[in-house]
Amino acid sequence: MSEDYKGPNRVFSGVQPSGSLHLGNYLGALKKFAKLQHEHDCVFCIVDLHAITVPQDPKLLADQTREIAAAYLAAGVDPKKAIVYAQSSVRAHTELAWYFNCVARTGWLNRMTQFKDKAGKNAESASVGLYTYPVLQAADILAFKGTHVPVGEDQKQHLELSRDIAQKFNNDFDAPNFFPLPEPLIKGPGAKVMSLRDGTKKMSKSDPSDASRINLTDTPDQIAKKIRKAKTDTGAVPATVEEMEGRPDIANLIGIYAALSERSEVDIMTEHGGGQFGPFKAALAEVAVETLRPVTELMNRYLAAPDELDAILKKAGDDAAEIADPIVADVRRIIGFRGA
Ligand code: TYM
């Protein structure tokens, strides 16, 4: 954050309602959110506007949004402490995104690796929305003057872009320190959970292999089976950081174990180092099942009461708009629109 920014600290983050959530989303984002709400003002968004950058079934979108809301709450986010709302219910996002489209440079967007990954060889037929997606993400954060953004490692480049946009806006419109330069909160175990089938690829909802990820909706049997089948090598469980080097599949499992059990990787290696992968995986499966069971159960309980979820989202949408609308009104004045 700019050292001269005088506004209050505010945590902002978002999760897309597309496909089911996995262990990477839980460890890289949701679990951190629940901790942060005790220390900061927090605004957590279900980014349904981002979801429609690729086709979505209108009949399913509302359910998917409720599913993310349920996951936030099940992971421990308390709607009395933090704001949990749907992006599309707050108009400030789309309005500020347009202003930022005029601030961001095409050269900046051309460097975004996620667009290249997602659009693949079909960049010509990808939506314009998918291309400007990171600009909307900057608008999400800055519509709330978000100062701290807890995310997984894969969002680092988008956060750098948000900082560039904030800085260029402040400079171009001679509005020093109007927007903070948001700081990513990425550190800690779980910031980069990798595929169970390939430790060099991130765990992702778009991976065609369901065995590559643990979904928050998986049963204990499914979780145990996926961990049992997770890729390893013929060596033993490493006992030191040096022994783990160059073994991405193993490093991933140890990282997951550490993040789930809130212990250090060294601690895990001290306990299991030198042993076979069979017993190590059995211990990891037990930790994973026991940690995720209450989250999944709570999620299902919230999902069984969709009206309650809708009421929470509605009130939170109003609360979010109360923060964002005056900020975007200031932006309009700064840009020079009459009747702002
Ligand atoms: P999304 O929905 O893909 O992911 C939600 C969060 O989960 C994290 N994550 C991971 N963390 C560790 N290991 C993994 N394998 C893994 N996979 C996903 C993501 O880093 C993210 O924190 N563009 C964002 C959503 C967004 C947003 C924002 C985030 C929109 N506006 C503003 C922060 C601030 C996205 O698609 O996340």
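Residues numbered from 1 in each chain as written. Predicted model: local features only at pLDDT ≥ 70, side-chain atom pairs only at ≥ 80, totals over all residues. Heavy atoms only, no water.

Student: For this particular structure, what's the right way to read the nonpolar core?
Tutor: For soluble globular proteins, nonpolar side chains are generally found buried alongside one another. Membership of the largest hydrophobic core comes to 58 residues, with the highest contact counts inside it found for Leu 30, Phe 44, Tyr 72 and Phe 280. The leading source of residues in this core is helix α13 (residues 277-303), at 11 residues. Look past the residues within four positions of Leu 30 in its chain and what remains in contact with it is Leu 21, Asn 25, Ala 71, Tyr 72, Ala 75 and Leu 216. If you look at the next biggest cluster of nonpolar residues, it comprises 46 residues, including Phe 100, Ala 104, Leu 181 and Ile 327. (Core = buried A, V, L, I, M, F, W, Y, C linked by side-chain atoms within 4.5 Å. Buried < 20%, exposed > 50% of the residue type's maximum accessible area, 1.4 Å probe, protein only. Helix = DSSP H or I, 4+ residues; strand = E, 2+ residues; numbered from the N terminus. Contact = heavy atoms within 4.5 Å.)

Student: Is there a simple way to think about helix α4 (residues 92-101) in this case?
Tutor: Within α4 the residues assigned to the buried category are Ala 92, His 93, Leu 96, Ala 97, Tyr 99 and Phe 100. The arc enclosing the buried residues of α4, seen along the axis, measures out at 160°, which places them on a common side. (Arc of directions from axis to C-beta.)

Student: Got a minute to help me understand the pattern of salt bridges in this structure?
Tutor: Once their charged atoms are close, side chains differing in charge can pair, the charge on each being opposite to the other. Throughout the structure, instances matching the rule amount to 19 salt bridges. Asp 63 is the salt-bridge partner of Arg 66, the closest N and O atoms lying 2.9 Å from each other. Taken together, the positions of Arg 66 and Asp 63, both in helix α3 (residues 58-74) and three residues apart, correspond to about one turn of that helix. Classification of Asp 63 as partly exposed rests on a relative accessible area of 41%. (Salt bridge = Lys/Arg side-chain N within 4 Å of Asp/Glu carboxyl O.)

Student: Please explain the layout of surface pockets as it appears in this structure.
Tutor: To locate leftover empty space, one rolls a probe as large as a water molecule over the atoms. Taken as a whole, the second largest pocket encloses approximately 190 Å³ of empty space. Leu 27, Lys 31, Lys 32, Lys 35, Lys 187, Gly 188, Pro 189, Ala 258, Ala 259, Glu 262 and Arg 263 together form the lining of the second largest pocket. When residues of the lining of the second largest pocket are traced back to their parent elements, those giving at least two are α1 (23-36) and α11 (248-261). Examining the composition of the lining of the second largest pocket, we find that four residues originate from one element, α1, more than from any other. Of the residues in the lining of the second largest pocket, the class split is four nonpolar, one polar and six charged. (1 Å grid on protein atoms, 1.4 Å probe; cavity = no way out; pocket = protein on both sides within 12 Å on 5 of 7 lines; lining within 4 Å. Points joined across faces, edges and corners; volume = space filled by probe spheres on them. Nonpolar A, V, L, I, M, F, W, Y, C, P; charged D, E, K, R; others polar.)

Student: Would you mind showing me how to read the site of the ligand here?
Tutor: Taken together, 27 residues form the shell around the ligand, and within it Tyr 133, Asp 140, Gly 152, Asp 154 and Val 193 come nearest. Here a nitrogen atom of the ligand and a side-chain polar atom of Gln 137 are 2.9 Å apart. For the ligand, an oxygen atom lies 2.8 Å from a polar atom in the backbone of Gly 152. Starting from 710 Å² of accessible surface for the ligand in isolation, the protein chains cover 97%. (Near = heavy atom within 4 Å. Polar contact = N/O pair within 3.5 Å; in protein donor to acceptor, adjacent residues only side chain to side chain. Areas by Shrake-Rupley, 256 points an atom, 1.4 Å probe, with all protein chains shown as cover.)

Student: I keep staring at the pairing of strand β1 (residues 11-15) and nothing clicks. Help me out?
Tutor: Regular strands show a simple pattern: their side chains alternate between the two faces of the sheet. Extensive coverage of β1 is indicated by the burial of four of its five residues. Where the polypeptide runs from β1 across α1 and back to strand β2 (residues 42-46), its parallel neighbour, the crossover connection is right-handed. (Right-handed = clockwise from strand over helix to strand, strands pointing away.)

Student: How do you make sense of a positive patch on the surface when you look at a structure like this?
Tutor: A contiguous patch of positive charge on the surface is contributed by Arg 197, Lys 225, Arg 228 and Lys 229. Inspection of the secondary structure puts Arg 197 in the loop between β5 (183-185) and α9 (220-228). (Patch = residues over 30% accessible without salt bridge, like charges linked within 9 Å, V, L, I, M, F, W, Y side chains within 5 Å. Lys, Arg positive; Asp, Glu negative; His and termini not counted. Charge placed at Lys NZ, Arg CZ, Asp CG, Glu CD.)

Student: Can you walk me through the state of the cysteines in this structure?
Tutor: In protein chemistry, a disulfide is the covalent bond that joins the sulfur atoms of two cysteines. Scanning all chains against the criterion turns up zero disulfides. The thiol of Cys 45 is not disulfide-bonded; the next cysteine sulfur, from Cys 42, is found 13 Å away. What makes Cys 45 buried here is its relative accessible area of 0%. (Disulfide = S-S within 2.5 Å.)

Student: It is not clear to me how the pairing of β2 should be interpreted in this structure. Could you clarify?
Tutor: Among the five residues in β2, five count as buried, and that is most of the element. Burial along β2 is two-sided: Cys 42, Phe 44 and Ile 46 and Val 43 and Cys 45, pointing in opposite directions, are all buried. In this sheet, strand β3 (residues 83-86) lies alongside β2 in parallel orientation, the contact comprising four bridges. Following the sheet pairing, Cys 45 is matched in β3 by Tyr 85. (Pairing = 2+ DSSP bridges.)

Student: Mind showing me how you'd approach the packing of aromatic side chains here?
Tutor: Any pair of aromatic rings gets described here by the distance separating the centres and the angle formed by the planes. For the structure shown, the criterion picks out 15 aromatic pairs. Seen in terms of ring centroids, Phe 100 and Phe 179 are 5.6 Å apart; in terms of plane orientation they differ by 75°. Their pairing is edge-to-face. With a gap of 79 residues between them, Phe 100 in helix α4 and Phe 179 in the loop between α8 (156-172) and β5 connect regions that are remote in the sequence. Phe 179 shares its class with Phe 100; the two are buried. Through successive ring pairs, a cluster of aromatic residues spans Phe 100, Phe 169, Phe 173, Phe 178 and Phe 179. Over the face of the ring belonging to Phe 178 we find Lys 145, whose NZ or CZ atom lies 3.9 Å from the ring centre. (Phe/Tyr/Trp six-rings, centres within 6.5 Å; stacked < 30°, edge-to-face > 60°. Lys NZ or Arg CZ within 6 Å of the ring centre and 35° of its normal.)

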